[in-house]
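Summary of structural features
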Amino acid sequence: MSAAAKFDFSGARIIVIGASRGGIGAAIARAFQDAGGTVEITGAEPECLPEDAARFPYTQLDVTDTDAVESFAKSRGELDVLVNCAAITKRGEEMDPEFFQHVLNVNLVGSMRCAKALQGALAKRQGRVINIASMYARFGSPQNPAYGASKAGVEQMTKSLAIAWAPDGVRVNAIAPGFIVTEQSARARQDPTFTDAIEARTPLGRWGQPDDIAGLALFMGSDASQFMTGVCVPVDGGYSVV
Ligand SMILES: NC(=O)c1ccc[n+]([C@@H]2O[C@H](COP(=O)([O-])OP(=O)(O)OC[C@H]3O[C@@H](n4cnc5c(N)ncnc54)[C@H](O)[C@@H]3O)[C@@H](O)[C@H]2O)c1
């Protein structure tokens with residue numbers, strides 16, 4: 001197969017969990033569809049953005065609800081790519097143990113719930129799981145301790161699932177985005193000192209856009225990465241190497 005053909009997703013089925021608000025999940029979903037894939041998306045809200053409602057079947061799916069996740073997965077017979085993108089964070093409010101636990105439940109256990117529920121469907125197509133981690137998997141963050149712990153868990157879970165599911169030909173990788181302009185980062189971006197400091201430290205000199213993440217997702221979802229499993233790759237404009 002030629003290198004270009006590996007990025008043709010015609011005939012492939014892709015689910016992006018957490019793609020309702022026009023952020024990273026939506027950019028990944030659009031990229032897979034533009035590459036020929038059959039894509040459906042989910043989110044916590046009753047509806048996704050109108051432009052994505054016109055493009056994708058949408059399901060409201062709370063990833064903390066095991067029954068709902070399992071019933072969603074049951075009707076999906078075979079799957080080529082699962083992207084786990086659903087997550088929450090509340091800068092400055094994550095020291096409360098109950099909220100801490102909730103963040104872990106959405107970001108970490110939610111990703112595990114979806115992956116486990118769709119494992120059989122993925123195994124039928126030698127599928128690929130792409131978990132969205134974060135730079136905060138590796139850095140401490142006094143404002144987002146739950147988020148950081150959850151994303152460190154996502155990175156670690158990626159390694160374990162990669163080993164566990166390799167015998168079925170299912171590959172499991174993760175992406176660690178840097179600072180990206182989305183609804184989730186809107187609260188943090190209200191603080192100009194914070195936004196300026198990030199720009200100043202980032203070698204490429206800017207915040208990322210959701211589309212900046214999509215290329216690696218296509219690569220991880222394609223046969224171009226067929227000997228890659230269990231890794232977490234940063235896409236952060238160089239922030240983490242400074
Ligand atoms: N924006 C950034 O700077 C940044 C950086 C690193 C990693 N990320 C990660 O990228 C992913 C996408 O985030 P984004 O920035 O595009 O934000 P976003 O707000 O656009 O997307 C978050 C998605 O998670 C969904 N979600 C939230 N709670 C849910 C629940 N209980 N059940 C199901 N879905 C739920 C929302 O509906 C939404 O679709 C997340 O995993 C996030 O942690 C973002």
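Residues numbered from 1 in each chain as written. Predicted model: local features only at pLDDT ≥ 70, side-chain atom pairs only at ≥ 80, totals over all residues. Heavy atoms only, no water.

The protein chain has the name 2-deoxy-D-gluconate 3-dehydrogenase in an unreviewed UniProt entry, where Sulfitobacter mediterraneus is given as its organism. One UniProt comment on the protein chain, placed under Sequence similarities (unreviewed entry), says "Belongs to the short-chain dehydrogenases/reductases (SDR) family." (UniProt positions renumbered as here; feature names shortened; annotations may be inferred.)

Notes on the overall build of the protein chain
For the protein chain, the helix and strand inventory stands at eight helices and seven strands. Computed over its C-alpha atoms, the radius of gyration of the protein chain comes to 17 Å, within 12% of the 18 Å expected for a compact globule of 242 residues. Along the longest, intermediate and shortest principal axes, the C-alpha atoms of the protein chain span 50 × 40 × 40 Å. Counting over 242 residues, the protein chain shows a buried share of 50%. Surface summary for the protein chain: the accessible area is close to 11,000 Å², and the carbon and sulfur share equals 53%. When the 22 basic and 27 acidic side-chain charges of the protein chain are each reduced to a single mean position, those positions are 5 Å apart. (Helix = DSSP H or I, 4+ residues; strand = E, 2+ residues; numbered from the N terminus. Rg over C-alpha atoms; globule rule 2.2 N^0.38 Å. Buried < 20%, exposed > 50% of the residue type's maximum accessible area, 1.4 Å probe, protein only. Areas by Shrake-Rupley, 256 points an atom, 1.4 Å probe, with all protein chains shown as cover. Lys, Arg positive; Asp, Glu negative; His and termini not counted. Charge placed at Lys NZ, Arg CZ, Asp CG, Glu CD.)

Some points on the site of the ligand
Around the ligand there are 28 residues in total, and Ser 20, Arg 21, Ile 24, Tyr 147 and Thr 182 lie nearest to it. Leu 61 has a polar backbone atom sitting 3.5 Å from a nitrogen atom of the ligand. Starting from 820 Å² of accessible surface for the ligand in isolation, the protein chains cover 95%. In this structure, the ligand is accommodated by the largest pocket. Of the residues that constitute the shell around the ligand, the class distribution is 16 nonpolar, eight polar and four charged. (Near = heavy atom within 4 Å. Polar contact = N/O pair within 3.5 Å; in protein donor to acceptor, adjacent residues only side chain to side chain. 1 Å grid on protein atoms, 1.4 Å probe; cavity = no way out; pocket = protein on both sides within 12 Å on 5 of 7 lines; lining within 4 Å. Sits in = over half its atoms within 2 Å of the grid points. Nonpolar A, V, L, I, M, F, W, Y, C, P; charged D, E, K, R; others polar.)

Thoughts on the environment of Arg 206
Within the element layout of this structure, Arg 206 appears in the loop between helix 7 (192–201) and helix 8 (211–221). For Arg 206, a relative accessible area of 43% corresponds to the partly exposed category. Residues Arg 206 and Asn 105, spaced 101 residues apart in sequence, show a C-alpha to C-alpha distance of 31 Å. Those residues in contact with Arg 206, other than ones at most four positions away along the chain, are Glu 199 and Asp 212. Looking at Arg 206, its side chain comes within polar contact range of the side chain of Asp 212, at 2.9 Å. (Contact = heavy atoms within 4.5 Å.)

Some remarks on a negative patch on the surface
A cluster of acidic side chains, namely Asp 62, Asp 65, Asp 67 and Glu 70, defines a negative patch on the protein surface. Note on placement: Asp 62 falls in the loop between strand 3 (58–60) and helix 3 (66–74). Among the residues examined, Asp 62 registers a relative accessible area of 43% and is labelled partly exposed. (Patch = residues over 30% accessible without salt bridge, like charges linked within 9 Å, V, L, I, M, F, W, Y side chains within 5 Å. Salt bridge = Lys/Arg side-chain N within 4 Å of Asp/Glu carboxyl O.)

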